[in-house]
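Examining the three-dimensional arrangement
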Amino acid sequence: MATRADPHLILVGLPGAGKSTVGRAVAAKLGRPFADLDVEIERRAARSVAEIFADPGESHFRQLEAEVSAELAVLPSMVIAPGAGWIANEAAVAPLRQQARIIHLRVRPETALSRLTADMTIRPLLQGPNRLDALVRLSDTRRASYESADEEVDTDNVELQEVIRKVTWLAADWRAG
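Residues numbered from 1 in each chain as written. Predicted model: local features only at pLDDT ≥ 70, side-chain atom pairs only at ≥ 80, totals over all residues. Heavy atoms only, no water.

Focus: the overall build of the protein
Along its length, the protein carries eight helices and five strands. For the protein, the succession of helices and strands along the chain, N to C, is β-α-β-α-α-α-β-α-β-α-α-β-α. Buried residues in the protein amount to 46% of all 177 residues. When contacts within the protein are restricted to residue pairs at least 6 apart in sequence, long-range pairs at least 24 apart make up 73% of them. Per element, the accessible surface of the protein, about 8700 Å² overall, is 52% carbon and sulfur. (Helix = DSSP H or I, 4+ residues; strand = E, 2+ residues; numbered from the N terminus. Buried < 20%, exposed > 50% of the residue type's maximum accessible area, 1.4 Å probe, protein only. Contact = heavy atoms within 4.5 Å. Areas by Shrake-Rupley, 256 points an atom, 1.4 Å probe, with all protein chains shown as cover.)

Things to note about the pairing of strand S1 (residues 8-12)
The buried fraction of S1 is high, at five of five residues. Side chains His8, Ile10 and Val12 of S1 all project onto a buried face; the interleaved residues Leu9 and Leu11 project onto the opposite face, where all are buried too. In this sheet, strand S4 (residues 100-106) lies alongside S1 in parallel orientation, the contact comprising five bridges. Looking at the pairing, Leu9 lines up with Arg101 of S4. (Pairing = 2+ DSSP bridges.)

With respect to the pairing of S4
Most of S4 is tucked away: five of the seven residues are buried. Summarising the sheet, S4 and strand S5 (residues 151-154) pair through four bridges and their orientation is parallel. Of the residues in S5, the one forming a bridge with His104 is Glu152.

In structure tokens:
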């Protein structure tokens, strides 16, 4: 069981990197709670992320993201899957950074797009005629933020169970260290 002294484990990456899928599995293996930040924001706002982005806008969503992050910072250790832009929102990252370990789930935009085809309507920053171009832009824009993670795990051409194993091992290694 995780304690307050154990670091939070935060999974970051592009949409389609596997943050929520890997996060749920790793949380179960580690016996920790799992938090999907977008789901929590939607619950509190009683609106979808897409609706929040549409009105009142992305800046309001980023403010909600920072508020939820600050609340999670004081809770016992958990596995957290924030939205893809969380890592670039310093107001959201700052409250968690000192008591967390961040893992970047690296994925090529092409692979991410192939994983996202079923739920594109809920991805406000990927609307438009060329979703691959949008993912490439997000990847380029957020590259430095993603590279600030403590570790990186490649999810391209890697079986899901192997990604889960690597992330679980890293979390256990940090706890032991």
